[in-house]
Amino acid sequence: MGVSGVDSAVASTDAAGLRSAPAHPSAPIPVQGPAVGDAVRTRLGETGLSVFPLILGGAEFGWNVDITASHRIIDRYVELGGNALHTADSFAGGRSEHIIGQWMNSRGLRDDIAVMVRVGGHPDNPGLGPVNLVRAVEASLTRLATDRIDVLYLDGSDASVPLEETLATAEWLIGSGKVLHLAAADFTPERLVEARILASAGYPRITVLDAHYNVVNRTPFEGDLRLVAGAQGIAVTPSHPLAHGFLSGRHRSRDRVGMSARGVQLAAYLNRRGQRVLKALDHVALELDVPDAAVAVAWLIAQRTVAAPIVNAYAPEHVEELVQGVGVHLGRAQLAELSRAAQ
């Protein structure tokens, strides 16, 4: 199922008492059954957390998806075995956190969920300076209606504050129980090395990394950043696994993507290389009888250092497509085909 220790579907017995072949591990989730997701867990690096190999992001909550639809999406994710939610203080001005907090408290599932929050981008508390970092965490805790953040992502876009000051503040947040584990978002390799040097001096360690990474956007990560993450034992939780929706296969023409911000992002992939990638995804998806999005997710999960991609969804049906990627095992030939197409 993509995670060691999880059995594949059990072979069935027909009327004559003969055992039939087990279902293919990449069969759609409804065929596999609801118990599959509950058993699928992977360790999130050195945090000690056991999470579903697919983290549900809240980037669309409170922006393109209202609170009722957002709760339906989270419900479906949890029904399929999910237990990790990622958001940011800047998503929809904090409304994403508010929606997730309402869901956790209305369902009584706070202790069953790994809550991951990226801070540093909210206009009220920008950056990673000591004062704003504490205020940002406090504001996120209030919106989430919880007493702790399981994994706090530090937004690497702010390089103006000395990392030592940021980590010293994070040490206080961890000591006070407001934050359990520390992560980095969009850090450079050099900044990760600096963080590890500071950790050797007693500052808290960064154990998780969010990097923009997918089958069509590989170069920024597949270099020094992956080498450093691997050497430090950092668990990678890639964001944008579908390249803003391009790898879902739903957007194949410039005429249909429009001129919105997302349309401009999608248009950047609508070139010969992007079409090669979609063709390869189509071929593998047809072989395995799963959606293109599931293949894109499976490709990421198969990559070295990747623990669990962060995915966003607009509807419960999208969650079902994406979760199928957890059960897809790509062979060497399929992985090579996808990698060649993206060159």
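Every value quoted in this text rests on a predicted model; they were computed, and no experiment measured them.

Here the focus is the sheet that holds strand β9 (residues 235–236). An order of β9-β8-β7-β6-β5-β4-β3-β10 is seen for the eight strands of this open sheet, with the pairing classed as parallel. The outermost strands of the open sheet, each flanked by one partner alone, are β9 and β10 (310–311). Of the strand pairs in this sheet, strand β3 (residues 55–57) and β10 are connected by two bridges, and their pairing is parallel. Directly across from Leu56, in β10, lies its bridge partner Val311.

Here we come to the packing of aromatic side chains. With the rule as written, the count across this model stands at three aromatic pairs. Connected via pairs of aromatic rings, a cluster forms that spans Tyr213, Phe221 and Trp299.

Counting buried positions along strand β8 (residues 206–210) gives five out of five residues, so the element sits mostly inside the fold. With helix α7 (residues 189–200) bridging strand β7 (residues 179–185) and its parallel neighbour β8, the resulting β-α-β unit is right-handed. Here β8 runs beside β9; their pairing, made up of two bridges, is parallel. Paired with Leu209 across the strands is Val236, a residue of β9.

So, about the environment of Pro53. On the secondary structure map, Pro53 appears in the loop between β2 (50–51) and β3. In this structure Pro53 comes out as buried when scored by relative accessible area, which is 3%. Sequence spacing of Pro53 and Val306 is 253 residues, and the spatial spacing of their C-alpha atoms is 9.3 Å.

It is worth spelling out the side chain of Gln334 at this point. Here Gln334 lies in helix α14 (residues 332–341). With residues near it in sequence (within four places) discarded, Gln334 still touches Val284, Glu287, Leu288 and His329.

Further remarks concern the packing of α7 against helix α8 (residues 224–232). Running from N to C, α7 and α8 point in directions that differ by 20°, and their axes come no closer than 9 Å. By the angle between their axes, α7 is roughly parallel relative to α8. In this structure, the crossing between α7 and α8 has a hand that is left-handed. Between α7 and α8, the residues in contact are Pro189, Leu192, Val193 and Arg196 and Asp224, Leu225, Val228 and Gln232, respectively.

Residue-level pLDDT values for the protein chain average 88, and 84% of them are 70 or greater. Here residues 1–22 scores under 50 on pLDDT; set against residues more than four positions off or in separate chains, the count is 25 contacts.

As a further point, take the environment of Val131. Looking at the element boundaries, Val131 is found in helix α5 (residues 130–144). Look at Val131 and you get exposed, because its relative accessible area is 51%. C-alpha of Val131 to C-alpha of Thr169: the two residues are 38 residues apart in sequence and 8.5 Å apart in space.

Quick notes on the rules
- Residues numbered from 1 in each chain as written.
- Predicted model: local features only at pLDDT ≥ 70, side-chain atom pairs only at ≥ 80, totals over all residues.
- Heavy atoms only, no water.
- Pairing = 2+ DSSP bridges.
- Helix = DSSP H or I, 4+ residues; strand = E, 2+ residues; numbered from the N terminus.
- Phe/Tyr/Trp six-rings, centres within 6.5 Å; stacked < 30°, edge-to-face > 60°.
- Buried < 20%, exposed > 50% of the residue type's maximum accessible area, 1.4 Å probe, protein only.
- Right-handed = clockwise from strand over helix to strand, strands pointing away.
- Contact = heavy atoms within 4.5 Å.
- Axes fitted to C-alpha atoms, helices over the stretch in contact; angles between N-to-C directions.
- Parallel < 35°, antiparallel > 145°, perpendicular 65-115°, else oblique.
- Left-handed = near helix turned anticlockwise from the far one by under 90°.
- pLDDT = per-residue confidence, 0-100.

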